[in-house]
Amino acid sequence: MTNPNPQSGSPDKEPASEAQAAQNALGNTERAGTATTPKVSEPQPQPSLGRLFLNNLWAANTFTVTLLSLVLAVVVGAVLMIISDPDVLHTYSYITARPSDAFTASWTLVSEAYANLFKGSVFDPEAFSGWLNGSNGWQAVLAPISETLTYAAPLVFTGLAVALAFRGGLFNIGAQGQATIGVILAALAGFLLPLPPGLHLLAAVLAGALGGALWGFIPGILKARAGAHEVINTIMLNYVATYFLTWLIVQNGVQDPTRTDAISRAVDNSAQLPRLLGDNLRVHAGILLAVLATWAVAWLLNRSTLGFELRAVGANPDAARTAGISVTRTYILIMVFSGILAGLGGSNMVLGSTASALTPLVVAQIGFDGILVALLGRVKPWGVLLAALLFGALQAGGNRMQSYSGISLELVTVLQALIVIFIAAPALVKAIFQLRAARAARLQTSLAKGW
Amino acid sequence: MEPGEIHALLGENGAGKSTLMNVLYGLYQPDEGEILVDGKPLKLKGPSDAIGAGIGMVHQHFMLVPVFTVAENIMLGAEQTRGGIAGFLDRRRARREVTEVSERYNLRVDPDAVIEDLPVGIQQRVEIVKALTRDVDLLILDEPTAVLTPQETDELLTVMRSLKAAGKSIVFITHKLGEVKAIADRITVIRRGKTVGTASPEASRDELAALMVGRNVRLTVDKSPATAGDPVLEVTGLVVDDDRQIRAVDGVDLTVRAGEVLGVAGVQGNGQTELIEAIMGLRPVLAGTVSLAGDRIDGWKTKKVLRAGVGYVPEDRSVDGLVKEFSVAENLVLDIYDRPPFGAGLALKPDAIASSAKERIEQFDVRTSSAEAPVGTLSGGNQQKVIVARELSRPLKLFIAAQPTRGVDVGSIEFIHSRIIHERDIGTAVMVVSSELDEVIGLADRIAVMYRGRVIGVVGPDTPREEIGLLMAGISPDAAGEDGAATDGGPASADGSASEDEA
């Protein structure tokens, strides 16, 4: 640590020891709290809930913690598997007599389950050897990856939607609703517009984005003009969107004429996102769009004037306003952009290979999962991409785990939740693994109760 | 520390004063060394131990719950209950304690007032009362005057004297030399975490300042007489409301000419903040006009006002001036990020931003580890230099600086003042708003005194302090004759405290 700053009491600038880090933590939002310096006659602005959360998410939080959170989640998941399997549980009833039974049974169950999770999402050695000796095609080797990418693509979009809003100081809980409106418009454009291939796809994707934008704009303008809190409004709009979809599906012209249940007509082939690896593998161009969107969001945040405004408003709206940035306009723009991303995520669900028609559950949980993905990705674009890939892999592998090991798919959801809980509580992870500066982080989180 | 002594702890920003006192109050744990009370070493695990040992602290930022009443705040942490297990709060007793303590030490507070309705000076008094109800012998005041008006400061000094008379010891942390000389029995100067010397209050200001910063500093502002040109900023009949929709600026007329510094003096909360915010387009103008070099600018958006050549140093740097999480470089372009060479169309030009940042860090002597360091890690003085650097590095017609040196160490004050005068000398109209009368007198060529939303007098910088002080208290010069002596060092005049209670 160089010290080019000798005259103004810089020894306190960076926490040199754990104790100092703890002191810094006591300084609350002030990074240099210890240094007494910035304290001088600056009434500390009450940090917003989102800002505080973001600080906690980033504070003393590294790749290590993320990795350890995964490990912890996997361990807790293993315990849950053992508990939920009656046969294995039975071996524990005579554990004092024959402990090896219990351990072997548990190990077999857990290791096979996780092996299936891996085989279903990344790489299956059997398929590979099958390809080598000609018993199956190359598609079988790429199938796990294809599944992972298929599940990941919409999550990238919704994750980016939440992350972008978060960076602008807004808590967009409404990615689900924005994705729902997005999926509706994308599907309608997909089966109502008689357009040539190519153009039709473009129109459907844009319709999806437009739907999301609209559903983001409403809470945005309510926040900017009426001061209505976006958390409340986005949650409420989620309900509106969900039930609008349920209603719409059974209307004439939308419902599949050959069916009596709630399913719409299928999207025309001309509006489907092209499959990347042939018809047998589900991976589609949505994942390419997702990578493109990640790059675009990263550029927007870090290299554009709009991103500068957005980050300034997110970090300190007062200073942004004083510097001539229109906070209300920025809020609206943030929500519109966030909505566009979520809407694109929604359109993936019907234009991609997951489904081709609207059903009440067509968007699944991508909006809410997007919140988890955003947090896991530390609200940074490329981090979101990686987090979405992980979640996609868990989904894809979970399917195989269910069919081969009989572990219910819900366990995957539990794993996802556990990962995010551990990530959101870095102090817990650090305490468990006895990482340095755990005390500092603990202090910091306990101070965060000031919400 | 002796009983009944006022010990001043003097040091620059970041010298370690507050840290030391936080250790003493048990908030931080010492890495090494020990604290002796009455000759016995003391191990403090937390503030409650400190209170038990008779140490009380009044923080720089008050630790009060804004929506609670004075009595509730005072009993907080030491709640007395009655009704046995039901544990009803004994509010009556808390109220009685407040009244008792405030009478004993002559600290008038209304136990039923809600904290957020009280002016800062009174809030601080509540903090002192709170400490006193815990029967402390040693009271630590951490920069108590940073947020106070001159009148409130005078009152605080009076309070400190009466506490001293009652045998309490006081540690008084500050970096204002005048107050130290006025009240302290003994002075310890701290620099960069080390005691660099003790001094008696008889030491001259310059000696103390030199001790504080480790070199000689000029406390007066050197400047040549102004050569005022054409009017740049003209404000007529301006009416502005504050956040609570209460009239804050009530018909202000002001003119600032090119090449002069107009100082706006006044007790804080008399409309200065709202006046500036209205000029900057941050607050709606209800009536009257603001014009900049002939153009009406009232109703313009802030961005347009800034673009028209107005530089603005806001009063509260951490709230309005800087985005702490942003790097120094980003903060240096906070209001010109979308202008060439820093932005072109939708894209930012990181290279241009970085190179200009490097230049300005050097030019304005901003002490930072790098241009990429978050500005929140800088000391207060350097943060302020970042804002000043940002605002002064584009061609300006008008430069508005509100509290430009609040909470800034002596070395940075000197630097910022010289930049302000330099800006004046190159023909910019400058408006300086400050609650530090010395600063206004030192910088200004003309001084406008604001009281209750009006300019009640415009005087020259040679006007005696007492006269300006009376204007600040709302007494115009002709009526000032008989109570002229009252503001000078002694207890504040009845008018002063009355207006403050209403503020």
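Predicted, not measured: the structure shown is a model, and the values here were computed from it. (Residues numbered from 1 in each chain as written. Chains lettered and ligands numbered in written order. Predicted model: local features only at pLDDT ≥ 70, side-chain atom pairs only at ≥ 80, totals over all residues.)

Caption draft 1: Main features of the overall build of chain A. A count of helices and strands for chain A gives 19 helices and zero strands. Nonlocal contacts in chain A, meaning residues at least 24 apart in sequence, comprise 72% of its contacts between residues at least 6 apart. (Helix = DSSP H or I, 4+ residues; strand = E, 2+ residues; numbered from the N terminus. Contact = placed C-beta atoms within 7 Å.)

Caption draft 2: Local environment of the overall build of chain B. Per the secondary structure count, chain B includes 19 helices and 22 strands. The burial tally for chain B puts 53% of its 503 residues in the buried class. (Buried ≥ 20, exposed ≤ 12 C-beta atoms within 10 Å, placed from the backbone.)

Caption draft 3: Expanded view of the nonpolar core. Core analysis: the largest hydrophobic core is formed by 263 residues, its most contacted members being Val156(A), Ile140(B) and Val432(B). The dominant element in this core, judged by the number of residues it contributes, is helix α7 (residues 138-167) of chain A, at 17 residues. Contacts of Val432(B), omitting those with residues within four sequence positions, involve Val261(B), Gly263(B), Val264(B), Ala401(B), Pro404(B), Ile420(B), Val440(B), Leu443(B) and Ala444(B). (Core = buried A, V, L, I, M, F, W, Y, C linked by C-beta atoms within 7 Å.)

Caption draft 4: Quick look at unusual backbone geometry. Residues and elements named next belong to chain B. Residue Pro341 is reached from Pro340 by a cis peptide bond, and omega for that bond is 5 degrees. A positive phi angle, near 45 degrees, is found at Gln403, a position not held by glycine. On the basis of neighbour count, Gln403 is assigned to the buried category, with 23 C-beta atoms found within 10 Å.

Caption draft 5: α7(A), seen in detail. All names here are of chain A. Here α7 contains 30 residues, and its C-alpha end-to-end distance of 42 Å stays within 8% of the 44 Å for a straight helix at 1.5 Å per residue. The axis of α7 is deflected most strongly, by about 40 degrees, at Pro144. Among the 30 residues that make up α7, 26 are buried, leaving the element largely enclosed by the rest of the structure. Looking one or two places after α7, you find Gly169, whose phi comes out positive at around 85 degrees. (Expected span 1.5 Å × (residues − 1). Bend = angle between axes of the 7 residues up to and from the residue.)

Caption draft 6: Representation of the packing of helix α4 (residues 91-104) of chain B against helix α5 (residues 120-133) of chain B. All names here are of chain B. In contact at an axis separation of 10 Å, α4 and α5 are set at 100 degrees when each is read in the N-to-C sense. Here α4 is positioned roughly perpendicular relative to α5, judged by the angle of their axes. Across the interface between the two elements, Glu97, Val98, Val101 and Ser102 of α4 pack against Val129, Leu132 and Thr133 of α5. Taken together, the residues of the contact of α4 with α5 break down into four nonpolar, two polar and one charged. (Axes fitted to C-alpha atoms, helices over the stretch in contact; angles between N-to-C directions. Parallel < 35°, antiparallel > 145°, perpendicular 65-115°, else oblique. Nonpolar A, V, L, I, M, F, W, Y, C, P; charged D, E, K, R; others polar.)

Caption draft 7: Region of the structure containing the sheet that holds strand β20 (residues 429-433) of chain B. Residue and element names in this part refer to chain B. Taken in spatial order, the six strands make up an open sheet running β16-β19-β20-β13-β21-β22, and their pairing is mixed. Looking at which strands have only one partner, the edges of the open sheet turn out to be β16 (310-313) and β22 (454-459). Going from strand to strand, the sheet's axes swing by 20 degrees on average, the running direction of each strand aside. For strand β19 (residues 398-402) and β20, the ladder comprises five bridges, and the chain directions are parallel. (Pairing = 2+ DSSP bridges.)

Caption draft 8: Structural view of the confidence of the model for chain A. Residues and elements named next belong to chain A. Residues with a pLDDT of 70 or more make up 82% of chain A, whose mean pLDDT is 83. The weakest mean pLDDT in chain A belongs to helix α1 (residues 18-26) at 40; the strongest belongs to helix α8 (residues 175-192) at 96. Predicted confidence is poor over residues 1-45, with pLDDT under 50, and the contacts of this stretch with residues over four places away or in other chains come to 128 contacts. This model gives residues 441-451 a pLDDT under 50, and the stretch forms 21 contacts once residues within four places in sequence are excluded. (pLDDT = per-residue confidence, 0-100.)

Caption draft 9: Representation of helix α16 (residues 381-405) of chain A within the structure. Between its first and last C-alpha atoms α16(A) spans 35 Å; for 25 residues at 1.5 Å apiece the expected length is 36 Å, and the two agree. By the criterion of burial, α16(A) is predominantly enclosed, with 19 of the 25 residues buried.

Caption draft 10: Examining the environment of His200(A) more closely. Residues and elements named next belong to chain A. You can see His200 is positioned in helix α9 (residues 199-226). The class of His200 is buried, set by 20 C-beta atoms lying within 10 Å. Residues His200 and Asn133, spaced 67 residues apart in sequence, show a C-alpha to C-alpha distance of 42 Å. In this structure His200 touches Leu193, Leu195, Asp268, Ser270 and Ala271, once residues within four positions along its chain are discounted.

Caption draft 11: Structural context of the pairing of strand β13 (residues 261-265) of chain B. All names here are of chain B. Buried residues dominate β13, accounting for five of its five residues. Of the two faces of β13, the one lined by Val261, Gly263 and Ala265 and the one lined by Leu262 and Val264 are each fully buried. Relative to strand β21 (residues 446-451), β13 runs parallel, the two sharing four bridges. Opposite Leu262, over in β21, you have Arg446 as the bridge partner.

Caption draft 12: Quick look at the sheet that holds strand β11 (residues 231-241) of chain B. All names here are of chain B. With respect to topology, four strands assemble into an open sheet ordered β12-β11-β14-β15, the strand pairing being antiparallel. Every other strand in the sheet has two partners, leaving β12 (247-257) and β15 (295-296) as the edge strands with one partner each. Looking at chain direction, strand β14 (residues 287-292) and β15 are connected through two bridges and run antiparallel. If you follow Ser291 over to β15, its bridge partner there is Arg296. Set on the sheet, helix α9 (residues 272-279) makes contact with β11, β12 and β14; between it and β11 the angle comes to about 115 degrees.

Caption draft 13: Molecular detail of the pairing of β16(B). Residue and element names in this part refer to chain B. Residues Val310 and Tyr312 line one face of β16 and the alternating positions Gly311 and Val313 line the opposite face, and both faces are buried. Relative to β19, β16 runs parallel, the two being bridged by four bridges. Its bridge partner lying in β19, Val313 is registered against Ala401.

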